[in-house]
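Read off the chains here:
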Amino acid sequence: MGKLTAIVMGATGLVGKALVNQLCQDDRYHKITCLVRAPLTTNNYHDPMLKIEPLVIDFTILQDYQGYFTVDHVYCCIGTTMKKAGSKSAFRKVDFEYVHVCAQLARAQRAKSFVWISSIGANAKSNNFYLRVKGELENAILTMPQLPNAAAVRPPLLMGNRSDHRPGEAWGIKILEGISPIMKGPLAKYRPVYAEQVANEMINLQLF
(Lines give C-alpha, C1' and ligand atoms only; values in the text may rest on other atoms or scores of the structure.)
Protein backbone atom coordinates (compact mmCIF):
# COMPACT_ATOMS: atom_id res chain seq x y z
CA MET A 1 0.00 0.00 0.00
CA GLY A 2 1.30 3.44 -0.90
CA LYS A 3 1.82 6.38 1.38
CA LEU A 4 0.24 9.22 -0.58
CA THR A 5 -2.99 10.93 0.44
CA ALA A 6 -5.30 12.97 -1.76
CA ILE A 7 -8.47 14.99 -1.61
CA VAL A 8 -10.90 15.09 -4.54
CA MET A 9 -13.38 17.91 -4.95
CA GLY A 10 -16.19 17.18 -7.40
CA ALA A 11 -15.95 13.39 -7.09
CA THR A 12 -19.48 12.84 -8.43
CA GLY A 13 -18.90 14.47 -11.82
CA LEU A 14 -17.83 12.80 -15.04
CA VAL A 15 -14.10 13.37 -14.56
CA GLY A 16 -14.34 13.16 -10.77
CA LYS A 17 -15.71 9.61 -10.83
CA ALA A 18 -13.06 8.52 -13.32
CA LEU A 19 -10.38 10.14 -11.20
CA VAL A 20 -11.49 8.49 -7.95
CA ASN A 21 -11.61 5.10 -9.65
CA GLN A 22 -8.06 5.53 -10.94
CA LEU A 23 -6.80 6.68 -7.55
CA CYS A 24 -8.44 3.67 -5.89
CA GLN A 25 -6.49 1.41 -8.22
CA ASP A 26 -3.22 3.34 -7.86
CA ASP A 27 -0.94 1.58 -5.38
CA ARG A 28 0.85 4.84 -4.59
CA TYR A 29 -2.21 6.15 -2.72
CA HIS A 30 -3.64 4.81 0.51
CA LYS A 31 -6.42 7.34 1.27
CA ILE A 32 -8.67 9.48 -0.88
CA THR A 33 -10.90 12.01 0.86
CA CYS A 34 -13.92 13.06 -1.20
CA LEU A 35 -15.74 16.24 -0.21
CA VAL A 36 -19.16 16.09 -1.85
CA ARG A 37 -22.55 17.85 -1.84
CA ALA A 38 -24.52 14.61 -1.60
CA PRO A 39 -23.72 11.05 -0.42
CA LEU A 40 -21.66 9.00 -2.85
CA THR A 41 -23.29 6.15 -4.73
CA THR A 42 -20.56 3.65 -4.00
CA ASN A 43 -21.40 1.33 -6.91
CA ASN A 44 -19.89 3.99 -9.21
CA TYR A 45 -16.45 3.32 -7.76
CA HIS A 46 -13.97 0.47 -7.55
CA ASP A 47 -13.25 -0.89 -4.05
CA PRO A 48 -14.98 2.15 -2.47
CA MET A 49 -14.48 1.13 1.13
CA LEU A 50 -10.78 0.42 0.70
CA LYS A 51 -9.47 3.95 0.26
CA ILE A 52 -12.35 6.43 -0.04
CA GLU A 53 -13.39 8.61 2.89
CA PRO A 54 -16.47 10.58 1.76
CA LEU A 55 -17.76 13.64 3.57
CA VAL A 56 -20.89 15.60 2.66
CA ILE A 57 -20.20 19.31 3.07
CA ASP A 58 -21.66 22.74 2.44
CA PHE A 59 -19.60 24.26 -0.36
CA THR A 60 -20.63 27.77 0.60
CA ILE A 61 -18.48 27.43 3.73
CA LEU A 62 -15.51 25.57 2.26
CA GLN A 63 -13.16 27.36 4.63
CA ASP A 64 -14.65 25.41 7.52
CA TYR A 65 -13.19 22.21 6.07
CA GLN A 66 -9.61 23.47 5.82
CA GLY A 67 -8.21 20.62 7.90
CA TYR A 68 -9.17 18.06 5.26
CA PHE A 69 -6.73 19.70 2.85
CA THR A 70 -3.78 18.42 4.88
CA VAL A 71 -2.94 15.92 2.15
CA ASP A 72 -0.22 15.35 -0.41
CA HIS A 73 -2.28 16.10 -3.50
CA VAL A 74 -5.40 18.18 -4.10
CA TYR A 75 -7.54 17.34 -7.13
CA CYS A 76 -10.30 19.80 -8.02
CA CYS A 77 -12.96 18.66 -10.49
CA ILE A 78 -15.60 21.20 -9.46
CA GLY A 79 -17.63 22.65 -12.29
CA THR A 80 -21.12 23.37 -13.53
CA THR A 81 -22.88 24.64 -16.65
CA MET A 82 -24.68 27.87 -17.36
CA LYS A 83 -27.93 25.91 -17.66
CA LYS A 84 -27.51 24.28 -14.25
CA ALA A 85 -26.24 27.43 -12.57
CA GLY A 86 -29.07 29.55 -13.92
CA SER A 87 -27.12 32.81 -14.06
CA LYS A 88 -23.66 34.14 -14.75
CA SER A 89 -23.10 35.03 -11.10
CA ALA A 90 -24.10 31.53 -9.95
CA PHE A 91 -21.84 29.96 -12.58
CA ARG A 92 -18.92 32.11 -11.49
CA LYS A 93 -19.47 31.18 -7.85
CA VAL A 94 -18.99 27.50 -8.65
CA ASP A 95 -16.40 27.56 -11.43
CA PHE A 96 -14.29 30.42 -10.08
CA GLU A 97 -14.92 31.06 -6.39
CA TYR A 98 -15.17 27.47 -5.15
CA VAL A 99 -12.10 26.35 -7.09
CA HIS A 100 -10.13 29.41 -6.00
CA VAL A 101 -10.98 28.75 -2.35
CA CYS A 102 -9.81 25.14 -2.79
CA ALA A 103 -6.47 26.44 -4.08
CA GLN A 104 -6.19 28.78 -1.09
CA LEU A 105 -6.90 25.93 1.32
CA ALA A 106 -4.33 23.72 -0.43
CA ARG A 107 -1.78 26.49 0.04
CA ALA A 108 -2.72 27.07 3.68
CA GLN A 109 -2.34 23.36 4.48
CA ARG A 110 0.88 23.09 2.45
CA ALA A 111 -0.30 20.45 0.01
CA LYS A 112 2.46 19.34 -2.34
CA SER A 113 0.47 20.11 -5.46
CA PHE A 114 -2.87 21.35 -6.77
CA VAL A 115 -4.44 20.32 -10.07
CA TRP A 116 -7.80 21.48 -11.40
CA ILE A 117 -9.90 21.28 -14.55
CA SER A 118 -9.94 24.34 -16.79
CA SER A 119 -10.94 24.33 -20.46
CA ILE A 120 -9.32 24.46 -23.83
CA GLY A 121 -9.47 28.06 -25.02
CA ALA A 122 -9.48 29.51 -21.49
CA ASN A 123 -8.58 33.17 -21.78
CA ALA A 124 -9.19 36.01 -19.34
CA LYS A 125 -9.72 38.36 -22.29
CA SER A 126 -12.16 36.14 -24.17
CA ASN A 127 -15.54 37.50 -25.27
CA ASN A 128 -17.02 34.15 -24.31
CA PHE A 129 -18.13 34.31 -20.65
CA TYR A 130 -17.35 30.65 -19.94
CA LEU A 131 -13.83 30.84 -21.36
CA ARG A 132 -13.22 34.21 -19.70
CA VAL A 133 -14.07 32.84 -16.25
CA LYS A 134 -11.81 29.84 -16.84
CA GLY A 135 -9.00 32.15 -17.94
CA GLU A 136 -9.42 34.48 -14.98
CA LEU A 137 -9.26 31.49 -12.66
CA GLU A 138 -6.06 30.25 -14.28
CA ASN A 139 -4.48 33.67 -13.81
CA ALA A 140 -5.63 33.87 -10.18
CA ILE A 141 -4.31 30.44 -9.21
CA LEU A 142 -1.09 30.37 -11.21
CA THR A 143 -0.01 33.72 -9.77
CA MET A 144 -0.88 32.74 -6.21
CA PRO A 145 2.26 32.96 -4.05
CA GLN A 146 3.43 29.91 -2.12
CA LEU A 147 1.20 27.44 -3.95
CA PRO A 148 3.67 24.84 -5.26
CA ASN A 149 3.12 22.80 -8.39
CA ALA A 150 -0.24 24.23 -9.41
CA ALA A 151 -1.40 23.01 -12.82
CA ALA A 152 -4.56 23.11 -14.91
CA VAL A 153 -5.74 20.54 -17.40
CA ARG A 154 -7.48 22.03 -20.44
CA PRO A 155 -9.75 19.41 -21.97
CA PRO A 156 -11.94 19.97 -25.02
CA LEU A 157 -15.43 18.37 -25.09
CA LEU A 158 -15.65 15.34 -22.80
CA MET A 159 -17.00 11.94 -23.75
CA GLY A 160 -18.60 9.61 -21.23
CA ASN A 161 -21.87 8.70 -19.55
CA ARG A 162 -23.20 11.79 -17.82
CA SER A 163 -25.98 11.81 -15.25
CA ASP A 164 -27.45 14.92 -16.89
CA HIS A 165 -28.60 15.36 -20.49
CA ARG A 166 -26.68 17.90 -22.58
CA PRO A 167 -28.09 17.75 -26.13
CA GLY A 168 -26.01 20.63 -27.49
CA GLU A 169 -22.79 19.17 -26.17
CA ALA A 170 -23.75 15.69 -27.39
CA TRP A 171 -24.23 17.00 -30.92
CA GLY A 172 -20.92 18.83 -30.73
CA ILE A 173 -19.17 15.62 -29.72
CA LYS A 174 -20.79 13.68 -32.58
CA ILE A 175 -19.65 16.27 -35.09
CA LEU A 176 -16.10 16.38 -33.72
CA GLU A 177 -15.90 12.60 -33.55
CA GLY A 178 -16.85 12.48 -37.20
CA ILE A 179 -14.12 14.86 -38.28
CA SER A 180 -11.49 13.76 -35.72
CA PRO A 181 -9.48 11.79 -38.31
CA ILE A 182 -8.74 15.00 -40.19
CA MET A 183 -8.13 17.09 -37.07
CA LYS A 184 -4.36 17.13 -37.15
CA GLY A 185 -1.60 19.54 -36.21
CA PRO A 186 -2.99 22.59 -34.35
CA LEU A 187 -6.53 21.15 -34.55
CA ALA A 188 -5.66 17.89 -32.80
CA LYS A 189 -6.11 19.46 -29.36
CA TYR A 190 -9.81 20.03 -30.12
CA ARG A 191 -10.59 16.34 -30.52
CA PRO A 192 -13.10 15.17 -27.87
CA VAL A 193 -11.54 13.07 -25.12
CA TYR A 194 -12.80 10.59 -22.56
CA ALA A 195 -13.05 11.57 -18.91
CA GLU A 196 -10.62 8.76 -18.08
CA GLN A 197 -7.96 10.45 -20.20
CA VAL A 198 -8.39 13.73 -18.34
CA ALA A 199 -8.25 11.96 -14.98
CA ASN A 200 -5.06 10.20 -15.99
CA GLU A 201 -3.50 13.50 -17.04
CA MET A 202 -4.40 15.02 -13.67
CA ILE A 203 -2.67 12.18 -11.82
CA ASN A 204 0.40 12.45 -14.02
CA LEU A 205 0.63 16.18 -13.23
CA GLN A 206 0.55 15.44 -9.49
CA LEU A 207 3.09 12.63 -9.62
CA PHE A 208 5.82 14.71 -11.23
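Right, let's walk through the structure included here. (Residues numbered from 1 in each chain as written. Predicted model: local features only at pLDDT ≥ 70, side-chain atom pairs only at ≥ 80, totals over all residues. Heavy atoms only, no water.)

Relative to the helices and strands, I117 resides in strand 5 (residues 113–117). Separated by 34 residues in sequence, I117 and A151 place their C-alpha atoms 8.8 Å apart. In this structure I117 touches V15, C76, C77, K134, V153, P155 and M202, once residues within four positions along its chain are discounted. (Helix = DSSP H or I, 4+ residues; strand = E, 2+ residues; numbered from the N terminus. Contact = heavy atoms within 4.5 Å.)

In this section: unusual backbone geometry. As a rule of thumb, non-glycine residues mostly have phi less than zero, and peptide bonds are mostly trans rather than cis. Unusually for a residue other than glycine, Q146 sits at a positive phi of about 60 degrees. Turning to its location among the elements, Q146 is positioned in the loop between helix 5 (129–142) and strand 6 (150–153). On the accessibility criterion, Q146 (73% relative accessible area) is exposed. The backbone of N149 shows a phi angle near 50 degrees, a positive value even though the residue is not glycine. Mapped onto the fold, N149 is located in the loop between helix 5 and strand 6. (Buried < 20%, exposed > 50% of the residue type's maximum accessible area, 1.4 Å probe, protein only.)

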